[in-house]
Amino acid sequence: VNFGTVTISEADRSFWKEVVGFLDEHAEAIAEQEWRTGDGVNPDVYKAMGDKGWLMPWLPPEEGGIAATPIQLAILARELRAHRVPQNAYSNTMQVIAMVNHFGTAALREEVALPVAQGDVRICLGYTEPDCGSDLANVKTRAVRDGDEWVVTGQKMFTTTAQHAHYAFVLARTDPEAAKHRGLTTFLVPLTRGGIEIRAIHTLGGERSNMVFFDEVRITDHYRVGAVNDAWSVMNSALDIEHGLGESSSAGFDVDGGLNFTGTLALTLDAAVRWAGQPQPDGTRPLDDLHVRQTLAMIAAEVELTRLPAGPPGRVLSSESLIANTAIILELIGPDVLLQRGEDGAVADGWPEYAHRFAQGTAIYGGTTDVHRSIVAEKYLGMPRSRAR
Ligand SMILES: Cc1cc2nc3c(=O)[nH]c(=O)nc-3n(C[C@H](O)[C@H](O)[C@H](O)COP(=O)(O)OP(=O)(O)OC[C@H]3O[C@@H](n4cnc5c(N)ncnc54)[C@H](O)[C@@H]3O)c2cc1C
């Protein structure tokens with residue numbers, strides 16, 4: 001880890017100003033829409049960012065980016081978090097486009113790469129099913145070959161952002177006779193095809209996810225990503241990106257789009273500090289109480305600590321710290337904190353109450369924190385696998 005300071009050039013400063021100006025202009029609309037729908041994306045702002053080349057800013061302009069410097073990538077990531085721009089659709093799309101670029105055919109890349117960078121195409125992740133999540137080798141959705149076509153039938157679960165996606169990256173069983181993890185193949189399924197139904201799931205955290213049903217959906221072989229029955233190679237790369245392993249863990253731009261949840265805790269702490277500085281009905285300020293000051297200072301120290309590690313260690317620490325500390329903040333503030341955004345007397349416009357609900361899901365999606373602990377044990381410490389192959 002390099003703890004040295006960095007020099008920010010004039011060009012980076014003016015980029016920073018432009019990013020802040022753009023996000024300040026849209027922040028209220030984004031927050032309002034996210035609160036109302038939990039969609040995980042504001043399609044208009046998403047497209048506007050694509051037009052600016054800010055979705056895949058590391059790419060050269062002819063590929064839809066701005067050839068951003070590492071500092072510019074970090075500025076963008078930081079401001080997106082600070083302005084509470086939801087990253088779900090973005091992070092899903094980025095994970096899949098990396099797979100399409102690596103394992104897809106030239107024709108498929110041609111179809112989706114530039115539209116993705118320009119904000120015209122979003123992709124959701126179709127891995128989880130009613131009977132499998134952590135253990136994806138149990139996928140039951142079938143894809144059966146019929147000439148040059150594949151016929152996909154099955155159900156996906158928690159397919160977040162499908163309602164605003166153009167394709168689903170689907171893990172499907174193509175050889176029911178093969179060993180569980182061998183008979184699987186990945187496909188990019190256009191969501192405009194007949195036979196697809198998307199039904200909403202609303203989570204405790206206010207997020208919108210979906211069930212997606214595939215009823216004999218026909219796609220050509222053009223939409224296959226990777227070799228037949230070799231989804232495991234594709235999924236290993238896809239999950240490494242989702243888990244923040246390999247190249248993605250050291251990239252200046254955080255491609256996991258927010259699986260380090262410290263930003264949410266930092267915003268909750270800010271809200272609590274503002275609350276603590278206000279006189280209460282009895283005239284006292286919570287900040288004048290030593291216990292309140294010490295508790296908030298402890299959380300501030302955790303915010304700094306959990307910001308540091310990338311990848312799975314950061315995921316485990318930041319999720320568990322968010323869950324524990326939002327609960328502590330709720331107790332500190334007391335019953336008023338349960339008033340929701342828009343209600344009279346809501347603390348910090350309901351942010352701590354929302355953050356506490358949101359925190360619970362962070363231990364589950366993108367691989368649970370238990371699974372990430374095993375990854376830390378195996379990949380960082382070289383310990384044996386905790387489960388059978
Ligand atoms: C809000 C939300 C959004 C999501 N979005 C998506 C999405 O867009 N696309 C998608 O495909 N999926 C998505 N998911 C699904 C998510 O990835 C799974 O829920 C997750 O991987 C856990 O799988 P499961 O729910 O089947 O639980 P299980 O795998 O059944 O786990 C149950 C419990 O057992 C523990 N456990 C399981 N296996 C192990 C192990 N090997 N070692 C230690 N502990 C273990 C888990 O930690 C958990 O506590 C989303 C989930 C949520 C809640």
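Up top you'll find the structure we're talking about.
Caption draft 1: Molecular detail of the pairing of strand β6 (residues 196-202). In terms of strand pairing, β6 meets strand β7 (residues 208-220) through seven bridges, oriented antiparallel. Its bridge partner lying in β7, Ile 196 is registered against Phe 214. If you look at the hairpin formed by β6 and β7, you'll find five residues sitting between the two strands, and Gly 206 has a positive phi there, around 85 degrees.

Caption draft 2: Just the packing of aromatic side chains, in detail. Within this structure, the stated rule accounts for 10 aromatic pairs. A ring pair is formed by Phe 261 and Phe 358, whose centres lie 6.2 Å apart and whose planes are at 70 degrees; its orientation type is edge-to-face. With a gap of 97 residues between them, Phe 261 in the loop between α7 (247-250) and α8 (262-277) and Phe 358 in helix α11 (residues 351-361) connect regions that are remote in the sequence. The class of Phe 261 is buried, set by a relative accessible area of 4%.

Caption draft 3: Looking closely at the site of the ligand. Around the ligand there are 15 residues in total, and Thr 128, Ser 134, Phe 158, Thr 160 and Asp 370 lie nearest to it. A distance of 2.6 Å is found between a nitrogen atom of the ligand and a side-chain nitrogen or oxygen belonging to Thr 128. Relative to its unbound accessible surface of 970 Å², the ligand loses 67% to contact with the protein. Broken down by class, the residue content of the shell around the ligand amounts to six nonpolar, seven polar and two charged.

Caption draft 4: Region of the structure containing unusual backbone geometry. Here the phi dihedral of Ala 67 falls at roughly 50 degrees; this positive angle occurs in a residue that is not glycine. When you line up the elements, Ala 67 lands in the loop between α2 (43-52) and α3 (70-82). Take Ala 67: its relative accessible area is 47%, and that puts it in the partly exposed class. One non-glycine residue, Ala 348, lies in positive phi territory at about 50 degrees. With respect to the secondary-structure elements, Ala 348 resides in the loop between α10 (311-333) and α11. On the accessibility criterion, Ala 348 (28% relative accessible area) is partly exposed.

Caption draft 5: Quick peek at the side chain of Glu 129. One can find Glu 129 in the loop between β1 (123-126) and β2 (142-146). A polar contact of 2.7 Å, which involves the side chain of Glu 129, links it to the side chain of Thr 141. Setting aside residues no more than four positions away along its own chain, Glu 129 makes contact with Val 139, Lys 140, Thr 141, Gln 155, Lys 156, Met 157 and Leu 171.

Caption draft 6: How the structure looks around the nonpolar core. Membership of the largest hydrophobic core comes to 64 residues, with the highest contact counts inside it found for Phe 169 and Leu 188. Examining the composition of this core, we find that seven residues originate from one element, helix α4 (residues 88-103), more than from any other. The residues contacting Leu 188, other than those within four sequence positions of it, are Val 96, Val 100, Leu 108, Val 112, Ile 123, Tyr 167, Ala 168, Phe 169, Tyr 223 and Val 225. Counting residues in each nonpolar core, the second largest holds 25 residues, with Ala 266, Ala 272, Val 337 and Ala 359 among its members.

Caption draft 7: Main features of a nonpolar patch on the surface. Together, Tyr 380, Leu 381 and Met 383 make up an exposed nonpolar region whose accessible area comes to about 330 Å². Positionally, Met 383 belongs in the segment after α12 (369-380).

Caption draft 8: Local environment of the environment of Val 228. Topologically, Val 228 is positioned in the loop between β8 (224-225) and α6 (231-242). Between the alpha carbons of Val 228 and Arg 173 there is a distance of 9.8 Å; along the sequence they are 55 residues apart. Among all residues touching Val 228, those that are not within four sequence positions of it are Arg 145, Trp 150, Thr 174 and Thr 185.

Caption draft 9: Structural detail: the pairing of strand β3 (residues 149-156). Here β2 runs beside β3; their pairing, made up of five bridges, is antiparallel. For Arg 142, the partnering residue across the bridge sits in β3 and is Thr 153. Relative to β7, β3 is paired through seven bridges, and the arrangement is antiparallel. Paired with Gln 155 across the bridge in β7 is Phe 213.

Caption draft 10: Focus on the packing of α8 against helix α9 (residues 290-307). The geometry of α8 relative to α9 is characterised by a closest axis approach of 10 Å and an angle of 160 degrees between their N-to-C directions. Judged by the inter-axis angle, α8 sits roughly antiparallel to α9. Between α8 and α9 the crossing geometry is left-handed. Residues Thr 262, Leu 265, Ala 266, Leu 269, Ala 272, Val 273 and Ala 276 of α8 lie in contact with α9, whose contacting residues are Val 292, Leu 296, Ile 299, Ala 300, Val 303, Thr 306 and Arg 307. Residue composition of the contact of α8 with α9, by class: 11 nonpolar, two polar and one charged.

Caption draft 11: Quick peek at α10. With 23 residues, α10 should reach 33 Å at 1.5 Å per residue; the first-to-last C-alpha distance of 32 Å fits that figure. Directly beyond the C-terminal end of α10, a positive phi value near 95 degrees is found at Gly 334.

Caption draft 12: Representation of the packing of helix α1 (residues 10-37) against α2. Interhelical geometry of α1 versus α2 gives an angle of 160 degrees and a closest axis separation of 10 Å. With respect to α2, the axis of α1 lies roughly antiparallel. Where α1 crosses over α2, the handedness of that crossing is left-handed. Residues Glu 18, Phe 22, His 26, Ile 30 and Gln 33 of α1 touch α2, and the partners they reach there are Pro 43, Val 45, Ala 48, Met 49 and Lys 52. When the residues that make up the contact of α1 with α2 are grouped by side-chain class, the tally is six nonpolar, two polar and two charged.

What counts and what doesn't
- Residues numbered from 1 in each chain as written.
- Predicted model: local features only at pLDDT ≥ 70, side-chain atom pairs only at ≥ 80, totals over all residues.
- Heavy atoms only, no water.
- Pairing = 2+ DSSP bridges.
- Helix = DSSP H or I, 4+ residues; strand = E, 2+ residues; numbered from the N terminus.
- Phe/Tyr/Trp six-rings, centres within 6.5 Å; stacked < 30°, edge-to-face > 60°.
- Buried < 20%, exposed > 50% of the residue type's maximum accessible area, 1.4 Å probe, protein only.
- Near = heavy atom within 4 Å.
- Polar contact = N/O pair within 3.5 Å; in protein donor to acceptor, adjacent residues only side chain to side chain.
- Areas by Shrake-Rupley, 256 points an atom, 1.4 Å probe, with all protein chains shown as cover.
- Nonpolar A, V, L, I, M, F, W, Y, C, P; charged D, E, K, R; others polar.
- Contact = heavy atoms within 4.5 Å.
- Core = buried A, V, L, I, M, F, W, Y, C linked by side-chain atoms within 4.5 Å.
- Patch = residues over 30% accessible without salt bridge, like charges linked within 9 Å, V, L, I, M, F, W, Y side chains within 5 Å.
- Salt bridge = Lys/Arg side-chain N within 4 Å of Asp/Glu carboxyl O.
- Axes fitted to C-alpha atoms, helices over the stretch in contact; angles between N-to-C directions.
- Parallel < 35°, antiparallel > 145°, perpendicular 65-115°, else oblique.
- Left-handed = near helix turned anticlockwise from the far one by under 90°.
- Expected span 1.5 Å × (residues − 1).

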